[in-house]
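# Chains, contacts and geometry: an overview
Spelled out, the chains give:
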Amino acid sequence: YSGNQMVKHLRTSSSGRPLIHFLAMALKEISYGLRLVQADRELAAQAAEIEKCEKKLSTDTFVNGAPAAVVAQERQRFADFSAKRDALAGQRAKL
């Protein structure tokens with residue numbers, strides 16, 4: 001139900017419990033909205049971390065000057081954040 005549909009249902013409902021039904025539907029809408037906001041925040045956090053990794057890895061000074069283990073660690077971080085972002089995007093799409 002959209003907000004207008006819920007109000008219309010509330011006005012035309014012949015059951016004795018239209019308000020309870022209306023509130024239950026409203027809570028579902030609020031819960032859905034909150035899940036979307038949380039998913040968007042998590043996606044933004046992953047994107048920010050990916051951007052940091054990309055910035056480091058695109059710098060020749062870092063790639064050529066840092067110890068190989070540090071560069072490998074940064075590449076792993078990039079892969080991990082990218083995988084997490086992709087998983088979160090898939091979960092958000094299912095909402």
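Coordinates for the structure precede this section.
How each quantity is defined
- Residues numbered from 1 in each chain as written.
- Predicted model: local features only at pLDDT ≥ 70, side-chain atom pairs only at ≥ 80, totals over all residues.
- Heavy atoms only, no water.
- Helix = DSSP H or I, 4+ residues; strand = E, 2+ residues; numbered from the N terminus.
- Buried < 20%, exposed > 50% of the residue type's maximum accessible area, 1.4 Å probe, protein only.
- Contact = heavy atoms within 4.5 Å.
- Areas by Shrake-Rupley, 256 points an atom, 1.4 Å probe, with all protein chains shown as cover.
- Axes fitted to C-alpha atoms, helices over the stretch in contact; angles between N-to-C directions.
- Parallel < 35°, antiparallel > 145°, perpendicular 65-115°, else oblique.
- Left-handed = near helix turned anticlockwise from the far one by under 90°.
- Nonpolar A, V, L, I, M, F, W, Y, C, P; charged D, E, K, R; others polar.
- Salt bridge = Lys/Arg side-chain N within 4 Å of Asp/Glu carboxyl O.

Attention shifts here to the overall build of the chain. When you go through the chain residue by residue, the secondary structure sums to four helices and zero strands. Along the chain, helices (α) and strands (β) appear in the sequence α-α-α-α when read from the amino end. Split into buried and exposed, the 95 residues of the chain put 17% on the buried side. Counting contacts in the chain only where the partners sit at least 6 residues apart, residues at least 24 apart contribute 53% of the total. Counting only carbon and sulfur atoms, one obtains 57% of the accessible surface of the chain, whose full area is about 7100 Å².

So, on to the side chain of Ser82. With respect to the element layout, Ser82 can be found in helix α4 (residues 68-94). Residue classification places Ser82 among the buried positions, given a relative accessible area of 12%.

Okay, the packing of helix α2 (residues 18-57) against α4 next. At a closest axis distance of 9 Å, the pairing of α2 and α4 adopts a crossing angle of 155°. Between α2 and α4, the angle falls in the class roughly antiparallel. Here α2 and α4 pass one another in a crossing that is left-handed. Across the interface between the two elements, Leu36, Ala39, Asp40, Glu42, Leu43, Gln46, Glu49, Ile50, Cys53, Glu54, Lys56 and Leu57 of α2 pack against Val71, Glu74, Arg75, Arg77, Phe78, Phe81, Ser82, Lys84, Arg85, Leu88, Ala89 and Arg92 of α4. Across the contact of α2 with α4, the residue classes tally to eleven nonpolar, two polar and eleven charged.

Applying the stated criterion to the full structure yields six salt bridges. The salt bridge partner of Glu49 is Lys52, with a shortest N-O separation of 3.3 Å. Highlighted residues: Glu49 and Lys52, both in helix α2, separated by three residues, approximately one helical turn. For Lys52, a relative accessible area of 48% gives the class partly exposed.

Let us look at the side chain of Gln46. Among the structural elements, Gln46 can be located in helix α2. Discounting chain neighbours no more than four positions away, the residues touching Gln46 are Phe81, Lys84, Arg85 and Leu88.

Moving on: the environment of Ala45. Within the secondary structure layout, Ala45 lies in helix α2. For Ala45, a relative accessible area of 39% corresponds to the partly exposed category. Each C-alpha atom, one on Ala45 and one on Phe81, is 9.4 Å from the other, the two residues being 36 residues apart in sequence.

Purely spatial values, then, with no claim about function.
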